[in-house]
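Single-letter residue listing:
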Number of protein chains: 2
Amino acid sequence: MVEADKPILPSWRDGAAKRAIIDFVARVTTAGHPDFVRPVDRIAVFDNDGTLWVEQPLPVQARFVLDRIQALAPQHPEWRARQPFKAVLDGDVDGIMAVGMDGLAEMVMATHAGITTEAFAALARDWIASSRHPRFGRAYTDLVYQPMLELLGFLRANNFKTFIVSGGGVEFMRTFSDGVYGIPPEQVIGSSIVTRYVVQDGEPALLREAELHFFNDKEGKPVAINAYVGRRPIAAFGNSDGDFAMLEWVTSGPGPRFGLLLHHDDAEREFAYDRDAGLARLVRGLDEAPLRGWTVARMKTDWELVFPS
Amino acid sequence: MVEADKPILPSWRDGAAKRAIIDFVARVTTAGHPDFVRPVDRIAVFDNDGTLWVEQPLPVQARFVLDRIQALAPQHPEWRARQPFKAVLDGDVDGIMAVGMDGLAEMVMATHAGITTEAFAALARDWIASSRHPRFGRAYTDLVYQPMLELLGFLRANNFKTFIVSGGGVEFMRTFSDGVYGIPPEQVIGSSIVTRYVVQDGEPALLREAELHFFNDKEGKPVAINAYVGRRPIAAFGNSDGDFAMLEWVTSGPGPRFGLLLHHDDAEREFAYDRDAGLARLVRGLDEAPLRGWTVARMKTDWELVFPS
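Just so you know, these numbers come straight off a predicted model, no measurement behind them.

A. Here's a closer look at the interface of chain B and chain A. Tallying the contact residues gives 33 residues for chain B and 33 residues for chain A. Each partner contributes to the roughly 2800 Å² buried at the junction of chain B and chain A, and carbon and sulfur atoms together form 51% of this total. Taken as a group, E186, Y197 and Y228 of chain B account for 22% of the area that chain B buries against chain A, more than any other trio of residues on that side. Put simply, chain B and chain A have 6 salt bridges between them. The shortest N-O distance in the salt bridge between E186 of chain A and K161 of chain B comes to 2.7 Å. Where chain B packs against chain A, one counts 24 residue pairs in polar contact (both at pLDDT 80 or more). Among the elements that make up the side of chain B that touches chain A, the one with the highest residue count is helix α10 (residues 220–229) of chain B (6 residues). Looking at the side of chain B that touches chain A, its residues break down into 14 nonpolar, 7 polar and 12 charged.

B. Representation of the relation of the copies chain B and chain A in the model. Least-squares fitting of chain B to chain A yields an RMSD of 0.0 Å, with the transformation described by 0.0 Å of translation along the axis and a rotation of 180°. Taken together, these values place the two copies in the relation of a two-fold axis. Ranked by how close their C-alpha atoms come to the rotation axis, the residues of chain B are headed by Y228 of chain B, at 3.5 Å.

C. Fine view of the environment of R269 of chain A. Residue and element names in this part refer to chain A. Summarising the element assignment, R269 is placed in the loop between β6 (258–265) and β7 (272–273). Here R269 falls in the partly exposed class, since its relative accessible area comes to 25%. Residues R269 and K300, 31 residues apart in the sequence, show an inter-C-alpha distance of 8.1 Å. Once residues lying within four places of it in the same chain are set aside, the contact partners of R269 are R13, R135, F136, M299, K300, W303, E304, L305, V306 and F307. At 2.7 Å, the side chain of R269 forms a polar contact with the side chain of D266. At a separation of 3.0 Å, a polar atom in the side chain of R269 contacts the main-chain carbonyl oxygen of E304.

D. Structural view of the environment of E106 of chain B. Residue and element names in this part refer to chain B. Relative to the elements of secondary structure, E106 occurs in helix α5 (residues 100–112). Sequence-distant contacts of E106, defined by excluding residues within four places in its chain, comprise R82, Q83, P84 and F85. Here the side chain of E106 touches R82 through a polar contact of 2.5 Å, side chain to side chain.

E. Representation of the nonpolar core within the structure. W12, Y181 and F237 of chain B are the most contacted members of the largest nonpolar core, which totals 54 residues. Apart from residues lying up to four places away in sequence, F237 of chain B is in contact with A44, V45, F46, D47, T51, M148, L151, L155, M246, L247, F258 and L260 of chain B.

F. Structural context of empty space enclosed by the protein. In this structure the tally under the stated criterion is 2 cavities of 30 Å³ or more. By volume, the largest cavity amounts to about 70 Å³. Put simply, the parts of the chain that give the lining of the largest cavity at least two residues each are β2 (161–169) of chain A together with β2 (161–169) of chain B. Split by residue class, the lining of the largest cavity holds 4 nonpolar, 2 polar and 4 charged. Considered as a void within the structure, the second largest cavity measures approximately 40 Å³ in volume. What lines the second largest cavity is simply N48, D49, W53, Q61, G168, F172 and M173 of chain A. For the lining of the second largest cavity, the class distribution of residues is 3 nonpolar, 3 polar and 1 charged.

G. Quick peek at unusual backbone geometry. Of the consecutive residues Q83 of chain A and P84 of chain A, the connecting peptide bond is found in the cis state with omega at 0°. Mapped onto the elements of the fold, P84 of chain A is located in the loop between α2 (60–72) and α3 (85–89). Phi at L9 of chain B is positive, roughly 45°, even though this residue is not glycine. Tracing the backbone through its elements, the reader meets L9 of chain B in the segment before α1 (16–29). According to the relative accessible area criterion, L9 of chain B is buried, its value standing at 3%. At D201 of chain B, a position not held by glycine, the phi torsion is positive, near 50°. With respect to the helices and strands, the residue D201 of chain B is situated in the loop between β3 (188–200) and β4 (203–214).

H. Up close: the packing of α10 of chain B against helix α11 (residues 244–251) of chain B. Residues and elements named next belong to chain B. Taken N-terminus to C-terminus, the directions of α10 and α11 make an angle of 55°; their axes are 7 Å apart at the nearest point. Accordingly, the angle class assigned to the pair α10 and α11 is oblique. Counting all contacts with α10, which are made through K221, P222, I225 and N226, the residues of α11 involved are A245, M246 and W249. Looking at side-chain class alone, the contact of α10 with α11 contains 5 nonpolar, 1 polar and 1 charged residues.

I. Broad picture of the side chain of T195 of chain B. Of note, T195 of chain B is situated in strand β3. For T195 of chain B, a relative accessible area of 12% puts it in the buried group. When sequence neighbours within four positions are dropped, the list of residues in contact with T195 of chain B reads V223 and N226 of chain A together with T117, E171, L207 and R208 of chain B.

J. Representation of a nonpolar patch on the surface within the structure. A grouping of M101, L212, F215 and L279 of chain A is seen on the molecular surface, where their side chains present a nonpolar patch of about 410 Å² in accessible area. Here M101 of chain A shows up in helix α5 (residues 100–112).

K. Looking closely at α11 of chain B. The buried fraction of α11 of chain B is high, at 8 of 8 residues. When we look at burial in α11 of chain B, the residues that qualify are F244, A245, M246, L247, E248, W249, V250 and T251 of chain B.

Here is what the cut-offs are and how they apply
- Residues numbered from 1 in each chain as written.
- Chains lettered and ligands numbered in written order.
- Predicted model: local features only at pLDDT ≥ 70, side-chain atom pairs only at ≥ 80, totals over all residues.
- Heavy atoms only, no water.
- Contact = heavy atoms within 4.5 Å.
- Buried area = accessible area lost by both parts, 1.4 Å probe.
- Salt bridge = Lys/Arg side-chain N within 4 Å of Asp/Glu carboxyl O.
- Polar contact = N/O pair within 3.5 Å; in protein donor to acceptor, adjacent residues only side chain to side chain.
- Helix = DSSP H or I, 4+ residues; strand = E, 2+ residues; numbered from the N terminus.
- Nonpolar A, V, L, I, M, F, W, Y, C, P; charged D, E, K, R; others polar.
- Least-squares fit on C-alpha atoms with pLDDT ≥ 70 in both.
- Buried < 20%, exposed > 50% of the residue type's maximum accessible area, 1.4 Å probe, protein only.
- Core = buried A, V, L, I, M, F, W, Y, C linked by side-chain atoms within 4.5 Å.
- 1 Å grid on protein atoms, 1.4 Å probe; cavity = no way out; pocket = protein on both sides within 12 Å on 5 of 7 lines; lining within 4 Å.
- Points joined across faces, edges and corners; volume = space filled by probe spheres on them.
- Axes fitted to C-alpha atoms, helices over the stretch in contact; angles between N-to-C directions.
- Parallel < 35°, antiparallel > 145°, perpendicular 65-115°, else oblique.
- Patch = residues over 30% accessible without salt bridge, like charges linked within 9 Å, V, L, I, M, F, W, Y side chains within 5 Å.
- Areas by Shrake-Rupley, 256 points an atom, 1.4 Å probe, with all protein chains shown as cover.

Below you can see the structure in the form of structure tokens.
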């Protein structure tokens, strides 16, 4: 039951989006209401990049990949003459943007594989702790959306279990998800590469291999949610067409359902992008949200604050 | 902290196994103790077949497969002349036992694929509700081990999060894990087949395909635990060499660790099997348990009760 004695979602301005969230939570948590949902079935799923934290001008993990290529370059003299690595080492932004999915996959494998899961987590943690966003000059873990942190907390206070369901690498996100979002590692679902169990000198380890295991985007998101969570969530939050299938599946189930798309329309405080934003584009979602009963939250008008102050 | 004012693990007889469990839990939950572990890292993993419930004379899910073949046979006249189906339809026990992993996989695909996840779950639920064990005449969900139910509860009362990590099919186990073990679907890790997201007439569904996605046994168990849980558990419970790698990985980490193997030596109350038990064999585990500091619980002497009365 929604408690009325303390401010709910204080960084959300009064408006249709905030009202829709609060109304949904009130309905599913009120005993005796026809839309009441048992706590065990109160599952909410959140995209990460662009939904919980900043993803422009480049997704955070892509920047990690570029920095790892710079760091590993001395051990790979052949990269100086070979794309996509040459573009990165030359600081050739147009060349980097032109690598496409195959080039990106090659860079991920070159920087994310060949080490143990524990060594990779240590690299990711160090990088996250020391890197700064090029425009805001703040750590990426400070560039999470304050209204979404409040929403995660509000849902959990109402006995929802919150999951991240992201195209990002699962082992990258798990290094900060608990500290930043209060989401423990086992509630983070992401893309993954193959890992293999090895025992060397009696010491077991998990070795990351240069082979894709699962790409958690688009139609992969419902598949992964089913694999990890084992049932259909009742609420889904995203910001791009990569989240379309997830919202479609979640909001098509029986009983009360909630889908929300965050529209980045605030160039002043964050970024403005939708239909032409490449991998982060939002086209079908914007077109079909009204027909499907999905809420569209507009950063510029619905959020009093963007980042934690 | 272990509470002393109510009986702990009442169906476990006093002995080395019970004392080792209680001592471990006391150490990791006592603030200020050098072995104290934060609640978020108190992860315990349990094999299912033969560890939490009966797996003889045939694993429960294998029996489900055989019954599904009988049920589907009228739609597949070709099965009457084709192995491994012919052996099943003829009730030829030796022929069934001789099908091997390839034959088993073929039967699983023929009975578990081509339908939606929701239709499959309904079939599994109906079967579980109506089937009886050939020797005990009780529902399989009554043939769970009372001492292990108490152990799951004892760990959870001490802020452990309990996971099933089984070679069994994840969507099969999830139909009863919450009701029987108090383990919600998202804490069940198992073998899986490929699922595909499809939208038919505007209705999305997940379709189960006749292709293996992951076989969660042996060295696959540490890999899957890392993929789902995102960190190394501190306690692992199993009963066969299929659990060896899981126990090895769990008990090799830094800090306090606990590994336990259940030895089925009680032909009178349940079954007696170890070194010659085919897929359920326990050889390396028995040999190396003393060297590795693993506890071996003996059903005959350590358990006052086997099944809930």
